[in-house]
Structure formats: structure tokens, C-alpha cells
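These are the residues of each chain, in order.
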Amino acid sequence: VQLQASGGGSVQAGGSLRLSCAASGGAFGGTTMGWYRQAPGKQREMVATITSGGTARYSDSVEGRFTISRDNTKNTVNLQMSSLKPEDTAVYYCTVKRPFTPVYTYWGQGTQVTVSS
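Read on for an overview of the structure. Please read these numbers as outputs of a predicted model, since none were measured by experiment.

### So, the pairing of strand β3 (residues 17–24)
Then, number 1: The side-chain alternation of β3 yields one buried face, formed by Leu-17, Leu-19, Cys-21 and Ala-23, and one unburied face, formed by Arg-18, Ser-20, Ala-22 and Ser-24.
Then, number 2: Inspection of the sheet shows strand β1 (residues 2–6) paired to β3 by five bridges, in the antiparallel sense. Each bridged residue has a counterpart across the sheet, and for Ser-6 the counterpart in β3 is Ser-20.
Then, number 3: Here β3 runs beside strand β8 (residues 76–81); their pairing, made up of six bridges, is antiparallel. Each residue of the ladder has a partner; that of Leu-17, found in β8, is Met-81.

### Brief notes about the sheet that holds β1
Then, number 1: Spatially, four strands are ordered β1-β3-β8-β7 in an open sheet, and the strand pairing comes out antiparallel. Looking at which strands have only one partner, the edges of the open sheet turn out to be β1 and β7 (66–71). Along the sheet, successive strands turn relative to each other by an average axial angle of 15 degrees, direction set aside.

### Focus on the state of the cysteines
Then, number 1: Counting across every chain of the model gives one disulfide.
Then, number 2: In this model, Cys-21 is linked to Cys-94 through a disulfide, with the two sulfur atoms separated by 2.1 Å. Taking the torsion about the S-S bond as the criterion, the Cys-21 to Cys-94 disulfide, at about 50 degrees, is right-handed. Highlighted residues: Cys-21 in strand β3 and Cys-94 in strand β9 (residues 90–97), separated in sequence by 73 residues.

Calculation criteria
Residues numbered from 1 in each chain as written. Predicted model: local features only at pLDDT ≥ 70, side-chain atom pairs only at ≥ 80, totals over all residues. Heavy atoms only, no water. Buried < 20%, exposed > 50% of the residue type's maximum accessible area, 1.4 Å probe, protein only. Helix = DSSP H or I, 4+ residues; strand = E, 2+ residues; numbered from the N terminus. Pairing = 2+ DSSP bridges. Axes fitted to C-alpha atoms, helices over the stretch in contact; angles between N-to-C directions. Disulfide = S-S within 2.5 Å.

Structure (C-alpha cells):
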């Protein structure tokens, strides 16, 4: 399984970015896909996840500002980020969890998001 993320970059506070991730090399029916992030000196944290049925979850810090979506026909997951804040600066990772498993097994290479004040 390969996860290829794209769309990171630099933006000023209040701006928007869209991250995309394409999954390949496996079957993704029934999986949960998501985005995590890791800022320098901090632990990796969940940003948003979405099931194959479209149920989304968000961390409190991004609720109302970020929107996760997925296309099951293309095995892609996207993260639309709006009203970005400097504290959103991190490396963002897309990830996939198999059904009936508690851990995220597959991870993309990460894409940098930098928000300047």
C-alpha cells in the first residue's frame, strides 16, 4: 500500500490550503482514512478521520475550520483547511486504518504546512 500526499505549502494566517492523498496498492473498502499532524517537538495528533461511509471526526482544534472528504471510487482523501492559524503549522500525514483494527497501519510520507502570522 502506498499513500501519496500533496498540497502542502506556506500560507498566511487566515488563509486556506487543500491537502490530497491518493492510496494505491490495495483494497480500501471499509477502511477509515484520515489526517494526522506533527509539529516540531510535539507528538503526532489526529486532525480528522473519515470512514468509508462518510462519517467524519475532527479534533477540537480544527472543528469548524477543516473539512475532510474522500472519494471511494478514486481511493483519495482530502483535507480542506480554512482560517489557518500559526499553530496549524506541522507536517501532515495521511493514513489508513483497516476495518476492525484499532491502529492506523499505513502512512504517507508527510507534507509540510506552514502558517505565518
